[in-house]
Amino acid sequence: MISKKCTYALRAVLALARNHGGAPLTIHQIAKAEEIPPRFLEAILRDLKQNGLTDSIRGKDGGYRLSVPPADLSIGEVVRVVEGPWFPTDEDKNPDVFQKVWQEADSTLKNVLDQKDFQTLVSEQDALRADNILNYSI
């Protein structure tokens, strides 16, 4: 299933998506807002950067930002960077009766995770937050 590392990566990317177009976010800012251990977050952001999903900016006003618009980045892309393949995919090394099952499961999972982009998630998160705001007017 989804590892803690992947969950943290998705939350970090969501924070960066929410901030898209703003000043870069520092590791400390993301770690505090998303309750992610900073040392763990460093490794996650390094992986995301190496795979072209984030950029890092050095200096006093530096930090991290998404390298692509949130609307162009799917959950599936982040999951694949962090988790790698979930099912055996090499038919020559795994010529067993489960190969077709793994292919179907992989295809279904990709379809679900690739349909949700981070801009949509930001909007959905905003809607959830708005629903949780109590109205005290009389």
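Residues numbered from 1 in each chain as written. Predicted model: local features only at pLDDT ≥ 70, side-chain atom pairs only at ≥ 80, totals over all residues. Heavy atoms only, no water.

**Re a nonpolar patch on the surface**
Step number 1: A contiguous nonpolar surface patch, about 310 Å² in accessible area, is contributed by Val97, Phe98 and Val101.
Step number 2: Structurally, the position occupied by Phe98 is in the loop between α4 (75-83) and α5 (99-114).
Step number 3: Phe98 gets classed as partly exposed once you look at its relative accessible area, which sits at 45%. (Patch = residues over 30% accessible without salt bridge, like charges linked within 9 Å, V, L, I, M, F, W, Y side chains within 5 Å. Areas by Shrake-Rupley, 256 points an atom, 1.4 Å probe, with all protein chains shown as cover. Salt bridge = Lys/Arg side-chain N within 4 Å of Asp/Glu carboxyl O. Helix = DSSP H or I, 4+ residues; strand = E, 2+ residues; numbered from the N terminus. Buried < 20%, exposed > 50% of the residue type's maximum accessible area, 1.4 Å probe, protein only.)

**What to know about the pairing of strand β1 (residues 54-57)**
Step number 1: Here β1 pairs with strand β2 (residues 63-66) via four bridges, running antiparallel. Residue pairing for β2: Ile57 is matched across the bridge by Gly63.
Step number 2: Between β1 and β2, which pair antiparallel and follow one another directly, the connecting turn spans five residues, one of which, Gly59, has a positive phi of 105°. (Pairing = 2+ DSSP bridges.)

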